[in-house]
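Listed below, chain by chain, are the residues.
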There are 2 protein chains.
Amino acid sequence: MVDILVRGGLLVTMNYNRQIVKQGSVAIESGRIVAVGEEIKEKADQVIDARGKAVLPGLINGHTHLAMTLLRGFADDMPLDKWLFDKIWPMEKRMEPRDCHVGALLGSLEMIKSGTTCFADNYFHMDQVARAVMKAGLRGVLSYGMIDRGDQQKMKEEIRIGRNFVRAFHGKARGRILAMFGPHAPYTCSTECLQKVKELAKEFGVGIHIHLAESSEEVKQTTEKYGKRPVEYLNSIGFLGPEVLAAHCIWVTDKEIKLLKDNGVKPVHNPTSNMKMGSGIAPVPEMLASGIPVALGTDGAASNNSLDMFKEMKLASLLAKARRLDPTVLPAMKALEMATINGAAALGLQAELGSLEVGKKADLIIVDLRKPHLSPMHDIVSHLVYSASGSDVDTVIVDGKILMEKGEVLTLDEEKVLELAQRTSDDLVSRLGGDR
Amino acid sequence: MVDILVRGGLLVTMNYNRQIVKQGSVAIESGRIVAVGEEIKEKADQVIDARGKAVLPGLINGHTHLAMTLLRGFADDMPLDKWLFDKIWPMEKRMEPRDCHVGALLGSLEMIKSGTTCFADNYFHMDQVARAVMKAGLRGVLSYGMIDRGDQQKMKEEIRIGRNFVRAFHGKARGRILAMFGPHAPYTCSTECLQKVKELAKEFGVGIHIHLAESSEEVKQTTEKYGKRPVEYLNSIGFLGPEVLAAHCIWVTDKEIKLLKDNGVKPVHNPTSNMKMGSGIAPVPEMLASGIPVALGTDGAASNNSLDMFKEMKLASLLAKARRLDPTVLPAMKALEMATINGAAALGLQAELGSLEVGKKADLIIVDLRKPHLSPMHDIVSHLVYSASGSDVDTVIVDGKILMEKGEVLTLDEEKVLELAQRTSDDLVSRLGGDR
């Protein structure tokens with residue numbers, strides 16, 4: 001007797017052989033996958049009929065800022081400095097813990113509805129994001145975003161908050177919440193801060209989530225200050241390592257790609273945000289070819305403006321092809337890997353997440369294929385990457401618990417969250433007052 | 001007494017002032033919009049409650065091949081020549097009239113469900129597409145795709161078919177179907193064929209739908225053969241004019257942009273297809289800046305693999321920003337213009353379509369905003385372009401007739417079309433047999 005049996009679906013296992021099972025089942029017990037295959041005879045407390053649907057590992061969003069969901073569409077199409085100085089920072093300055101909580105609830109709702117089961121976040125009031133994750137039932141790898149700008153006092157304070165967050169939340173919610181340290185970027189954190197973080201991450205046995213080589217301006221600043229490009233600089237201070245989750249990695253040379261690879265750094269590609277902000281185009285096929293398991297992220301909703309990982313998979317593939325003028329680079333399967341097994345590897349969770357395999361955590365999603373835009377069926381992987389949207393997700397299971405069934409979210413009250421999000425956002429805008 | 005009153009919606013009029021009405025109504029009578037505004041006191045046969053929803057002009061897909069919807073996901077991530085020679089052309093060779101009809105029905109269903117009300121098509125068995133459009137209730141600007149490759153006999157035959165199609169279908173279905181001539185491209189049609197088409201278009205008072213400057217290979221071939229780049233060549237033979245709908249226009253120089261502008265040519269941008277095929281990136285902001293009303297298209301589902309114009313709007317904006325490394329180019333409103341009023345202008349229908357204005361045809365869509373990924377509301381245009389998907393479309397009206405209401409398509413039997421599409425596609429693949 002198992003807890004849940006997902007029966008009769010088209011299984012996209014993402015196991016080592018990338019096996020597709022035309023009609024198969026997945027058995028779940030105590031939060032883990034206990035059987036995957038064509039015929040499973042086990043009885044189950046609950047049977048989910050997946051006929052006409054695809055079953056795949058839950059998507060992993062490698063880089064986002066969930067609380068910023070409250071700022072979706074607040075400011076677009078602006079020069080980066082105006083966007084930050086006039087719009088985003090004034091709003092963030094006014095964001096109270098409660099605002100971040102509401103933003104994270106809204107983001108959680110959107111992620112569940114679009115098939116994301118695990119995400120990595122770097123922001124402030126991270127305890128409020130953790131609370132939202134607990135309620136929503138999602139899996140979160142959370143870090144408090146630290147910025148010291150060379151101020152010793154500020155550094156101590158930031159490290160104190162970051163450390164307290166790791167102490168309080170790492171491993172919480174049956175392990176659904178993992179903590180990381182979150183130094184913002186090489187140009188906003190002092191060398192001392194980064195080195196201190198490196199030590200602390202080792203001490204606590206947790207990862208580090210940082211923004212890296214996102215803009216040409218960052219390369220310019222780092223080169224002026226340290227005589228080195230961002231990745232070279234981090235390497236020179238002993239910061240790089242397999243525990244480092246590095247968002248963006250756009251402006252990296254071949255030499256820096258080799259440094260990322262040799263140090264086991266985990267880059268996260270954010271194609272929509274990079275395009276929308278005009279940041280540049282990351283050399284993703286080159287990083288993948290060098291053996292780096294590049295993950296995929298949406299970045300925050302303020303610069304995307306969506307948390308839909310299906311859109312992100314398609315765009316990762318399209319952007320690589322457009323950059324190289326070559327339709328063969330980054331094929332559909334590679335994009336799906338980036339959003340599943342690579343995401344798991346990036347978070348150090350390759351043994352636990354990212355594929356439908358016996359022994360792994362039961363984080364999986366069911367996609368309804370009976371839609372005009374997913375017809376006819378020639379190739380399921382092509383459809384998932386090039387034709388599907390988050391709105392095709394029908395059922396979501398995390399840690400063996402059903403978060404959404406047939407489009408209905410069970411852990412959050414959808415209407416209430418929408419109402420709360422609008423009220424909170426209106427209030428936040430009104431607090432800006434004359435500054436806007 | 002009007003036929004339909006759409007009441008209490010957030011109106012995105014796309015009129016000259018791009019007016020947004022926070023809570024307004026649209027009255028429809030005899031297929032046309034007879035009132036738009038905050039308060040309309042008219043009684044109506046049918047009232048549609050649009051509270052919590054956005055009302056906007058139906059989206060216009062400026063370039064697609066509807067029958068190819070049957071080939072969605074059949075072949076991806078391949079070099080262009082292998083994709084064409086080994087996959088697409090063998091399939092097309094086997095496509096019978098009935099196959100094209102089924103593909104067009106499937107494509108119509110997808111377009112209705114994702115808010116497209118009018119499209120321009122260029123393909124073979126176009127009478128079968130016309131039949132699908134009649135059933136579906138959509139508006140179509142259809143052209144038979146002609147290819148002669150310099151063969152006189154073939155040219156005559158192609159012109160005969162193209163002319164017959166125009167004669168038989170231009171103005172049919174209460175004017176919902178308009179015909180154009182459809183010479184495939186400058187490198188697949190002889191000069192004589194193109195000049196003949198130009199004359200015929202004038203004679204019949206219809207437009208011309210052509211592929212133009214899609215690949216660098218085309219530029220190479222045209223330059224070798226005629227000593228001129230594609231746009232220059234078409235200009236030199238007197239082909240260019242305001243009736244020419246030119247899909248792609250990727251490889252155009254500043255001088256060629258000026259030729260397009262001076263001759264009133266209507267380029268259609270297809271960002272997804274161009275990226276996926278690695279064709280190149282069209283200079284859209286430059287064309288827009290020169291005063292050309294660039295339209296937007298999905299191209300066929302075989303190279304997209306979706307007909308969702310919402311995705312296309314977002315990508316048009318993102319791609320322009322990524323190409324120029326500038327977040328300010330092609331802002332959300334410009335993308336929405338491309339998919340509405342520019343699309344109308346491209347088809348010569350600027351007086352009839354593309355905005356919610358009194359006297360225009362009643363082609364409009366209603367988008368449900370009560371969704372997590374469309375919350376909170378800061379800016380409706382940002383949400384429509386950067387956050388919405390086709391699946392958010394709730395109701396679709398074309399020519400004053402409701403094609404979809406609350407997600408339910410009224411003109412086509414969705415399940416039946418899906419079943420038919422799968423069966424037809426399976427049969428088509430089986431006909432390929434050993435050739436595959």
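What counts and what doesn't
- Residues numbered from 1 in each chain as written.
- Chains lettered and ligands numbered in written order.
- Predicted model: local features only at pLDDT ≥ 70, side-chain atom pairs only at ≥ 80, totals over all residues.
- Helix = DSSP H or I, 4+ residues; strand = E, 2+ residues; numbered from the N terminus.
- Rg over C-alpha atoms; globule rule 2.2 N^0.38 Å.
- Buried ≥ 20, exposed ≤ 12 C-beta atoms within 10 Å, placed from the backbone.
- Contact = placed C-beta atoms within 7 Å.
- Pairing = 2+ DSSP bridges.
- Core = buried A, V, L, I, M, F, W, Y, C linked by C-beta atoms within 7 Å.
- Nonpolar A, V, L, I, M, F, W, Y, C, P; charged D, E, K, R; others polar.
- Least-squares fit on C-alpha atoms with pLDDT ≥ 70 in both.
- Axes fitted to C-alpha atoms, helices over the stretch in contact; angles between N-to-C directions.
- Parallel < 35°, antiparallel > 145°, perpendicular 65-115°, else oblique.
- Left-handed = near helix turned anticlockwise from the far one by under 90°.
- Domains from an automatic or database assignment.
- Expected span 1.5 Å × (residues − 1).

Caption draft 1: Summary view of the overall build of chain A. Secondary structure summary: chain A contains 15 helices and 17 strands in total. Radius of gyration (C-alpha) of chain A: 21 Å, near the 22 Å computed for a compact globule of 436 residues. A principal-axis box enclosing the C-alpha atoms of chain A has dimensions of 65 × 45 × 40 Å. The 436 residues of chain A split such that 62% are buried. If you take every contact in chain A between residues at least 6 apart in sequence, the share linking residues at least 24 apart comes to 72%.

Caption draft 2: Quick peek at the sheet that holds strand 8 (residues 139-146) of chain B. Taking strand neighbours across the sheet as the criterion, the eight strands line up as 6-7-8-9-10-11-12-13 (chain B) in an open arrangement whose pairing is parallel. Sheet topology places strand 6 (59-64) and strand 13 (295-296) of chain B at the edges, where each strand pairs with a single neighbour.

Caption draft 3: View of the nonpolar core. Of all hydrophobic cores here, the largest spans 308 residues; its most connected members are Val55 and Val129 of chain A together with Val55 and Val129 of chain B. Residues contacting Val129 of chain A, with those up to four places away along its chain left out, are Leu66, Ala67, Cys100, Ala104, Asp121, Tyr123, Gly140 and Leu142 of chain A.

Caption draft 4: The arrangement of the interface of chain B and chain A in detail. The partner chain A presents 53 residues to the 52 residues of chain B that form the contact. Put simply, the parts of the chain that give the side of chain B that touches chain A at least two residues each are helix 2 (97-113), helix 9 (271-276), helix 11 (309-324), helix 14 (380-387) and helix 15 (414-432) of chain B. Of the residues belonging to the side of chain B that touches chain A, the class tally is 23 nonpolar, 17 polar and 12 charged.

Caption draft 5: Region of interest: the environment of Asp363 of chain B. All names here are of chain B. Position of Asp363 relative to the elements: it lies in the loop between helix 13 (341-346) and strand 14 (364-368). Asp363 sits 39 residues away from Ile402 along the chain, and the two C-alpha atoms are 9.4 Å apart. Those residues in contact with Asp363, other than ones at most four positions away along the chain, are Pro57, Gly58, Thr117, Cys118, Arg139, Leu353, Ile397, Val398 and Asp399.

Caption draft 6: Local environment of the relation of the copies chain B and chain A. The transform that puts chain B on chain A rotates by 180 degrees and translates by 0.0 Å along the axis, for an RMSD of 0.0 Å. Classification of the inter-copy transformation places it as that of a two-fold axis. Proximity to the rotation axis, assessed at the C-alpha, singles out Ser391 of chain B in chain B; its C-alpha lies 3.5 Å from the axis. A share of 100% of the interface residues of chain B reappears at the interface of chain A, consistent with the copies meeting face to face through the same patch.

Caption draft 7: The sheet that holds strand 12 (residues 266-269) of chain A, seen in detail. Residues and elements named next belong to chain A. Strand order in the open sheet formed by eight strands is 6-7-8-9-10-11-12-13, with parallel pairing between adjacent strands. Of all the strands in the sheet, just strand 6 (59-64) and strand 13 (295-296) have a single pairing partner and so form its edges. Two elements, strand 6 and strand 7 (residues 116-123), share four bridges in a ladder whose sense is parallel. In the strand pairing of strand 7, Thr64 is matched with Asp121. Where helix 5 (residues 191-204) meets the sheet, its contacts fall on strand 8 (139-146), strand 9 (177-183) and strand 10 (207-212), and the angle it forms with strand 9 comes to roughly 160 degrees.

Caption draft 8: Representation of the packing of helix 4 (residues 152-169) of chain A against helix 5 of chain A within the structure. Residue and element names in this part refer to chain A. Across the interface, helix 4 lies against helix 5 with an axial gap of 11 Å and an inter-helix angle of 20 degrees. For the element pair helix 4 / helix 5, the angle class is roughly parallel. The element helix 4 and its partner helix 5 pack so that their crossing is right-handed. Facing Met155, Ile159, Arg163 and Val166 of helix 4, the residues of helix 5 in contact are Glu192, Cys193, Lys196, Leu200 and Phe204.

Caption draft 9: Expanded view of the domain arrangement of chain A. Residue and element names in this part refer to chain A. Domains assigned within chain A are domain 1 (2-57 + 354-405) and domain 2 (59-346). Taking only C-alpha atoms, the centre of domain 1 and the centre of domain 2 are 28 Å apart. At the level of elements, helix 14 (380-387), strand 15 (393-398) and strand 16 (401-405) are the ones that each hand at least two residues to the side of domain 1 that touches domain 2. It is helix 14 that contributes the most residues to the side of domain 1 that touches domain 2, five residues altogether. For the side of domain 1 that touches domain 2, the class distribution of residues is 13 nonpolar, five polar and four charged.

Caption draft 10: Main features of helix 2 (residues 97-113) of chain A. All names here are of chain A. An ideal rise of 1.5 Å per residue puts 24 Å on 17 residues; helix 2 measures up with 24 Å between its terminal C-alpha atoms. Summarising burial for helix 2: 15 of the 17 residues are buried, a large majority. Remark: Gly115 follows helix 2 within two positions and exhibits a positive phi of approximately 85 degrees.

Caption draft 11: Up close: helix 12 (residues 332-339) of chain A. For helix 12 of chain A, the buried fraction is high: seven of the eight residues fall into the buried class. Regarding helix 12 of chain A, the residues found buried are Ala332, Lys334, Ala335, Leu336, Glu337, Met338 and Ala339 of chain A.

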